[in-house]
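The residues making up each chain are set out below.
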Amino acid sequence: MAGPPIHGSYERRNAAPPAGRPRPRAARLVSCLGHRLATEGEGVRTMRGENRTGRRTAARAAFGALTALLMTVLAGFPATARAAATSPATATLAAATSVTASAHHQTVVSLTFDDGTAGQFAAGQAMHRYGVTGTFFIITGAVGAPNYMSLPELHQLAGYGDEIGAHTVSHLDLVATTAAEARRQACVSRDILTRWGFQVTSFAYPDGAASPQVEAIVQGCGYDTARIATGLAAPGCPGCALAETIPPADPFAVRTPGQVDSAMTLADLEQSVLRVQRAGGGWLPLVFHHVCPSACGVLSIRDATFTAFVRWLAGERSHGVAVRTVHQALGGPMRPTVAVPAVRPHGIVNASMAKDGAKAAVNLDMATPDRSGAPYCWMEGGYGQNKARWQRIRDAGHWAERLTVTGYSSGGAEFLQLFDLGECALPVRPGRPYELSASYRGTVTTQFAIYRRNAAGRWQYWTSSPYFPASSQWAKAGWRTPPVPAGTSALSYGLSAFANGTLITDGYHFGPAPAQTTQVTMTRLGLLAVLLLIAAAVVRWLIRRRARQPAGAPAGRQARDRPAWSSSSR
Ligand SMILES: [Zn+2]
């Protein structure tokens, strides 16, 4: 689909049409593209513009030749002879190699991938062909969503020896969110991946955004290490070190030279490795996002370029370059997962929209939403072909959100509770219906669009309400949902605009449907009333019957029995 990026996690395609009026649905979420593009110039720290004149030095070539000669000689020996390679005859060569190796620390490259996007699976297969492994940082809530890798694909990568690391559940900026939500995002994603069968010791911060507090939270979830997305030498970091150390000075802020982007060439990538090697070695973690057959956004690399780089890296093994996963590079124990308390049910947070949302630090990748400037606990959502603009405005002395849609040809736009783990999203119990409402005015017909979250944190379109007519005056839209489907842990809803025009909303309310309880009580009361009527009728019949009975005649079974019992007792 052309136009804005598709946010597959919020898939509305193939969803049940609302209230008998089908219309095509396809998903996108346009939360923060504008912000991302605006910050791109500042935030993307690449290795562009670095000195590309460096070539393999004569010394390096000589060392390579010597190593190759040694390998050839050793390969020609039988096992016993190789075991005796420490004999005086070969000791000199071995000593020479070891001296060279200690003078030049090994150069270790880690290929790391953020978000678990679909194209990374092909990248993993290409790496597998060359015996190279990498670390894939996964957003658990996106696994299996369109444009993301599926769970079987993740298992296949793990089978190749690749490392599966965590990248939160819903890709929230952990610095911009509360400590409780940051803890849930970091701990729950590790727990989900562990339950899926992966050994998870490494973490990568969404957008690379970390703070001492966030680092402590991530460490508390049992990870051994966490990666940021800057800190090593790049145009945006002129005075920075060329390579990370092993172990790193801060294992919860492992540095990288920015993020690989579409402007980087194969030569740029090769030079980034060679530069580290020339400077005496060290650890170079590289950050990749999309890997695509053709250009696919700023944070992407073409398949062909990536494969050529992997082939080159594999060839560099004999020149002292090792490619390792983050865990292979650092080691560290596999710690138990850490449970976090579930969120208690709550209504709409920041219903009045008075509280501003925290701005995300840098929003560079296009995976999932974050606080793009929407009010606290809210986010902007949309899908299909149209242009939507969200503005927080003052209306009659209250904050309200105005949505303006132009250039409409398909889909719609809405304003939703943030897709998180429960800080803002609405925790629910499966099987229960819920009541939702909001005030609105505007020039378009509207309806509630409702999304639900599953146990893995994945958000999907669930259902829509009937339509509410356009209203120039403030009007109230209210709806009772069907019982929440099994496996749902939270909802997010909003009034949707699906035509050119404006829609202003405010006064949101959400809670378990009391009507359901009332209905059950009414049913019970009705049954009780019927029973009472029957009982009254029976009593009346008995009284009438007794009244018609002639004096002295036996009156029913009890009257007949009583004398018999009385006589025997006498
Ligand atoms: Zn990411």
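Cut-offs used in this document
Starting from 1, residues in each chain are numbered consecutively following that chain's sequence as written. With pLDDT at 70 or above as the cut-off, local features in this predicted model cover only qualifying residues; side-chain atom pairs require 80 or more to be listed or tallied, and sums for whole chains, interfaces and linings still use all residues. A run of H or I in DSSP becomes a helix once it reaches four residues, and a run of E becomes a strand once it reaches two; helices and strands are each numbered from the N terminus. Exposure is read from a count of other C-beta atoms within 10 Å of each residue's own; the residue is exposed at 12 or fewer, buried at 20 or more and partly exposed in between. C-beta atoms are placed from the backbone. Expected helix span is given by 1.5 Å per residue-to-residue step, counting one fewer step than there are residues. Regarding the arc, it is the one traced by the directions from the helix axis to the C-beta atoms. C-beta atoms are placed from the backbone for every residue, and two residues are taken to be in contact when these atoms lie within 7 Å. Pairing between two strands requires that DSSP report at least two bridges joining them. Helix axes use the C-alpha atoms of the stretch in contact, all axes being lines fitted to C-alpha atoms, and the angles between their N-to-C directions lie in the range 0 to 180 degrees. Seen with its strands pointing away from the viewer, a crossover is right-handed when the path leading from the first strand over the helix to the second is clockwise. Note on definitions: a nonpolar core is a set of buried residues drawn from Ala, Val, Leu, Ile, Met, Phe, Trp, Tyr and Cys, linked by C-beta atoms within 7 Å. Each angle receives one of four descriptions, namely roughly parallel if under 35 degrees, roughly antiparallel if over 145, roughly perpendicular if within 65 to 115, and oblique otherwise. The hand of a helix crossing depends on one turn: near helix anticlockwise from the far one by less than a right angle means left-handed, and clockwise means right-handed. All amino acids are sorted into three groups, where Ala, Val, Leu, Ile, Met, Phe, Trp, Tyr, Cys and Pro are nonpolar, Asp, Glu, Lys and Arg are charged, and the leftover types, Gly among them, are polar. The quantity known as pLDDT measures the predictor's confidence residue by residue, on a range of 0 to 100.

Quick look at the overall build of the protein now. In terms of helices and strands, the protein carries 13 helices and 21 strands. Counting the 570 residues in the protein, one finds 44% classified as buried.

Moving on to helix H10 (residues 303–315). Since there are 3.6 residues in each turn of an α-helix, residues three or four apart along the chain are aligned in direction. Across its 13 residues, H10 extends 18 Å between first and last C-alpha, which sits within 8% of the 18 Å expected from 1.5 Å per residue. Of all the residues in H10, the buried ones are Phe306, Thr307, Phe309, Val310 and Leu313. Buried residues in H10, looked at end-on, bunch into an arc of 160°, giving them a common side. In H10, those exposed residues whose orientation departs by more than 90 degrees from the buried face are Ala304 and Gly315. Buried-residue contacts for H10 involve strand E1 (107–115), helix H5 (119–129), helix H9 (266–278), strand E8 (290–292), strand E9 (300–302) and strand E10 (321–323).

A few words on the environment of Ala490. Looking at where Ala490 falls in the secondary structure, it is placed in strand E20 (residues 490–497). Classification of Ala490 by C-beta neighbours within 10 Å gives buried; the count is 23.

Now for helix H8 (residues 212–220). Listing the buried residues of H8 in full gives Val214, Ile217 and Val218. Buried residues of H8, viewed axially, fall in a sector of 95°; they line one side. For H8, the exposed residues lying more than 90 degrees away from the buried face are Pro212 and Gln213. Of the surrounding elements, those touching the buried residues of H8 are helix H7 (179–195), strand E4 (202–204) and strand E5 (225–231). One or two positions beyond H8, positive phi appears at Gly222, with a value near 95°.

The sheet built from five strands is open, its strands ordered E12-E13-E21-E16-E19 with antiparallel pairing. Of all the strands in the sheet, the pair left with one neighbour each is strand E12 (387–395) and strand E19 (471–480). Each adjacent strand pair in this sheet contributes to an overall mean axis angle of 25°, direction not counted. Where strand E13 (residues 398–406) lies against strand E21 (residues 501–512), five bridges are found, and the strand directions are antiparallel. Of the residues in E21, the one forming a bridge with Val405 is Gly501.

Along the polypeptide, Asp207 turns up in the loop between E4 and H8. Linking Asp207 and His171, residues 36 residues apart in sequence, is a C-alpha distance of 8.4 Å.

Taking burial as the measure, the seven residues of E5 include seven buried ones, the bulk of the element. Where E4 and E5 come together, three bridges link them in parallel fashion. Looking at the pairing, Ser202 lines up with Thr225 of E5. Between E4 and its parallel partner E5, the chain crosses via H8, and the hand of that crossover is right-handed.

Side chains Glu163 and Gly165 of strand E3 (residues 163–166) all project onto a buried face; the interleaved residues Ile164 and Ala166 project onto the opposite face, where all are buried too. Summarising the sheet, strand E2 (residues 135–138) and E3 pair through four bridges and their orientation is parallel. Across the sheet, residue Phe137 finds its bridge partner in E3, namely Gly165. Viewed along the sheet, the connection from E2 through helix H6 (residues 151–160) into E3 turns out right-handed.

This part is about unusual backbone geometry. With an omega of -5°, the peptide bond running from Ile246 to Pro247 counts as cis. One non-glycine residue, Thr168, lies in positive phi territory at about 75°. By the secondary structure assignment, Thr168 is in the loop between E3 and H7. When the 33 C-beta atoms within 10 Å are taken as the criterion, Thr168 is described as buried. One non-glycine residue, Cys377, lies in positive phi territory at about 70°. Tracing the chain through its elements places Cys377 in the loop between helix H11 (326–330) and strand E11 (378–383).

Our next topic: the nonpolar core. Membership of the largest hydrophobic core comes to 76 residues, with the highest contact counts inside it found for Val109, Ile138, Ile164, Val218, Ala226 and Phe288. Ranked by residue count, the leading element in this core is H7, at six residues. In terms of nonpolar packing, the next biggest core, distinct from the first, is built from 44 residues, Cys377, Ala400, Ala490 and Leu491 among them.

Moving on to the packing of H5 against H10. Following both chains from N to C, one finds H5 and H10 inclined at 30°, their axes separated by 9 Å at the closest point. Classified by the interaxial angle, the pair formed by H5 and H10 is roughly parallel. As for the relative orientation of H5 and H10, their crossing is right-handed in sense. Across the interface between the two elements, Ala122, Ala123, Ala126 and Met127 of H5 pack against Asp303, Phe306, Thr307 and Val310 of H10. The residue makeup of the contact of H5 with H10, split by class, is six nonpolar, one polar and one charged.

On to the packing of H7 against H8, then. Taken N-terminus to C-terminus, the directions of H7 and H8 make an angle of 40°; their axes are 9 Å apart at the nearest point. By the angle between their axes, H7 is oblique relative to H8. H7 and H8 meet at a crossing whose hand is right-handed. Where H7 abuts H8, its residues Ala179, Ala182, Arg183 and Ala186 lie against Gln213, Val214, Ile217 and Val218. For the contact of H7 with H8, the per-class residue count stands at six nonpolar, one polar and one charged.

This paragraph deals with the confidence of the model for the protein. The predicted model of the protein averages 79 in pLDDT, with 74% of residues at 70 or higher. Segment residues 1–103 is flagged for pLDDT under 50; beyond a separation of four residues in sequence, or across chains, it makes 145 contacts in the model. Taken together, the stretch residues 552–570 has pLDDT below 50 and engages in four contacts with residues farther than four places along the chain or on a different chain.

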